[in-house]
Amino acid sequence: MQILGGAFVSLACLSVAVPAVVVHAEGGRLPVIATGWWLVLFAAFFVAFSVAMWCLDLAPRPVVLSAVAAQSVLAPALVLTAPSGGWTPILLVFTVAVSAYSLSMRAVVALICVNTVVVGAATAMVAERAFEVVMVAGLYLMLQSASVFGVIAHLRDVESHKRIAEANVRLRAASVLLAESSRTEERLRISRELHDLVGHQLTVLALELEIASHQATGEAAEPVRRAREVTRGLLADVRSAVGELRHEGPRLRETLEDLVADLPEPAVHLRVDEAIEVDAAAATTLVRCVQEIVTNTIRHAEAENLWIEVDAAGDRVVFASRDDGRGARDFKAGNGLRGMAERLESHGGNVAFSGEDGFRVRAEVPVR
């Protein structure tokens, strides 16, 4: 929808030049300068306007600011050189609306004031009464102000959605870690119950059958011997089950899938090697890494897709992520990324970041 809306704005901007072309084709003259030169200025304005609007998150900031400055100069020039051009002053509204995404509020207010004066001056060239000048200038003042308030509301809405998404990821991370902790505690409880109750009872039974096997004679000796062997087998099975319950690692793949499931944006593509076995500490570290990468992508990357891969490499787990966002060639790690690096290093791991071709992270952490 946002792309469609931007396309309609671009078409509306282009339509402003139609009256000048039509009047020129009919042999008339709309701008006070040569129509050809006016159209050249308009083409330059449209290029600057398109760069400022469509390349806001793609082009380097100096390029965007240069485009904003160019359109802020060219729009008044177009209005003043075509005072009878009908809706030509709407270019000033477009200029202010796009500038609000890049400039400070003080600069936007100053631009609105300058544009309002330009509209008043252009109207005074063709109007017969001062009342008309004031009305037109006031109308475009309100249109510019409304467009800026609309941009502010949109930016606040985007920021609100980002904060909600980040909070949702943090909440999910806490939930999956709590759930895994609960499963671990339940496994330990069951293992203790098996060891303390069933194991002890089977040990006593095995001892009683051992005694009975020495006292039984004749036909009674064989059933006692078989019962003793079965009891020993059951006791061995219980001890094996207790050991597996105590040493069973967290379900890393299911835990990470629960963390990134159904995120609206970005779309997370997760792949976890099924051969990975990690302890609780490594699992917690990896969950926190995924949490930080996802929230960082939501907050800064402007990405549509995020790919996360977790693979086994001997006694280490390799974690790699990349997105299709704008990247950051000269990025500086914030508190979240520094905290992730410190967490990995505390477990004997390491991490590397790259801001080229999207944002990339590669980390290793030892397991067991």
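Details of the structure are given in the entry above.
Reading the values: rules and limits
Residue positions are given per chain, counting from 1 as you read along its sequence in written order. In keeping with the predicted nature of the model, local features appear solely for residues at pLDDT of at least 70, side-chain atom pairs appear and are counted solely at 80 or more, and the whole-chain, interface and lining totals rest on all residues. Computation of side-chain values: all heavy atoms of the structure, hydrogens and water removed. Only DSSP runs of H or I reaching four residues or more are called helices, and only runs of E reaching two or more are called strands; each is numbered from the N terminus. Here the term buried applies to any residue with accessible area under 20% of the maximum for its type, exposed to any over 50%, and partly exposed to those in between, with areas from a 1.4 Å probe on protein chains only. Exposure was quantified through the Shrake-Rupley algorithm and a 1.4 Å probe, taking into account, for residues, occlusion by the shown protein chains and nothing else. Working definition: rings of Phe, Tyr and Trp (its six-membered ring) pair if their centres are within 6.5 Å, and the pair is stacked with planes under 30 degrees apart, edge-to-face with planes over 60 apart, and tilted otherwise. With a 1 Å grid laid over protein atoms only, a set of points is called a cavity when a 1.4 Å probe fits there but cannot get out and a pocket when it is open yet has protein on both sides within 12 Å along at least five of seven lines; lining residues have an atom within 4 Å of a point. Grid points are joined across faces, edges and corners, and a volume is the space filled by probe spheres set on the points. Residue polarity is assigned by list, with Asp, Glu, Lys and Arg as charged and Ala, Val, Leu, Ile, Met, Phe, Trp, Tyr, Cys and Pro as nonpolar; anything else, Gly included, falls into the polar class. Paired strands, as defined in this entry, are two strands with at least two bridges between them according to DSSP. In this analysis an axis means a line fitted to C-alpha atoms, helices contributing only their contacting stretch, and an angle means the value between N-to-C directions, from 0 to 180 degrees. Handedness rule for crossovers: strands pointing away from the viewer, path from the first strand over the helix to the second running clockwise, crossover right-handed. Every case where a carboxyl oxygen of Asp or Glu lies within 4 Å of a side-chain nitrogen of Lys or Arg is listed as a salt bridge.

Caption draft 1: Summary view of the overall build of the protein. If you tally the helices and strands in the protein, you get 11 helices and five strands. Within the span of the protein, comprising 368 residues, buried residues form 38% of the whole. When the accessible area of the protein is evaluated, it comes to approximately 20,500 Å², of which 60% is carbon and sulfur surface.

Caption draft 2: Structural view of the packing of aromatic side chains. Within the structure shown, the criterion is met by five aromatic pairs. Centroid distance Trp38 to Phe42: 5.8 Å. Interplanar angle 15 degrees. Geometry classified as stacked. Separated by four residues within a single helix, Trp38 and Phe42 lie in helix H3 (residues 35–54), roughly one turn from each other. By the burial criterion, Trp38 is buried, and Phe42 matches it.

Caption draft 3: The arrangement of empty space enclosed by the protein in detail. Throughout the structure, instances matching the rule amount to one cavity of 30 Å³ or more. Roughly 30 Å³ of volume is contained in the largest cavity. For the largest cavity, the full set of lining residues is Ile293, Asn296, Thr297, Leu306, Ser321, Asp323, Phe359 and Val361. Counting only elements with at least two residues in the lining of the largest cavity, the list comes to helix H10 (280–301) and strand S3 (316–323). In terms of residues, the lining of the largest cavity owes the most to one element, H10, which gives three residues. Looking at the lining of the largest cavity residue by residue, the class counts come to four nonpolar, three polar and one charged.

Caption draft 4: Seen up close, the sheet that holds strand S4 (residues 350–354). With respect to topology, five strands assemble into an open sheet ordered S1-S2-S3-S5-S4, the strand pairing being mixed. Each having just a single partner strand, strand S1 (267–272) and S4 make up the two edges of the open sheet. Strand-to-strand twist across the sheet, computed as the mean angle between neighbouring axes with direction ignored, equals 10 degrees. Where S1 meets strand S2 (residues 305–313), six bridges bridge the pair, whose relative direction is parallel. Paired with Val268 across the two strands is Leu306, which belongs to S2.

Caption draft 5: Just the pairing of S4, in detail. Pairing of S4 with strand S5 (residues 360–366) involves five bridges; the strand directions are antiparallel. Within the sheet, the bridge partner assigned to Ser354 lies in S5 and is Arg360.

Caption draft 6: Quick look at the pairing of S2. In this view, the connection linking S1 to its parallel neighbour S2 by way of H10 has left-handed handedness. For S2 and S3, the ladder comprises eight bridges, and the chain directions are antiparallel. From the neighbouring strand, Trp307 faces S3, where its bridge partner is Arg322. Linking two consecutive strands that pair antiparallel, namely S2 and S3, is a turn of two residues; a positive phi of about 70 degrees is found at Gly314 within it.

Caption draft 7: The arrangement of the pattern of salt bridges in detail. Counted under the stated rule, the structure contains six salt bridges. Here Lys162 and Glu302 are joined by a salt bridge, their closest N and O atoms 3.0 Å apart. Here Lys162, found in helix H7 (residues 130–215), pairs with Glu302, found in the loop between H10 and S2; they are 140 residues apart in sequence, far enough to count as distant. Judged by relative accessible area, Glu302 falls into the partly exposed class, the value being 39%. For Arg271, the salt bridge goes to Glu309, with nearest N and O atoms at 3.4 Å. With Arg271 in strand S1 and Glu309 in strand S2, this pair connects stretches of sequence that are 38 residues apart. Each of Arg271, Glu309 and Asp311 takes part in a single network of salt bridges with overlapping partners.

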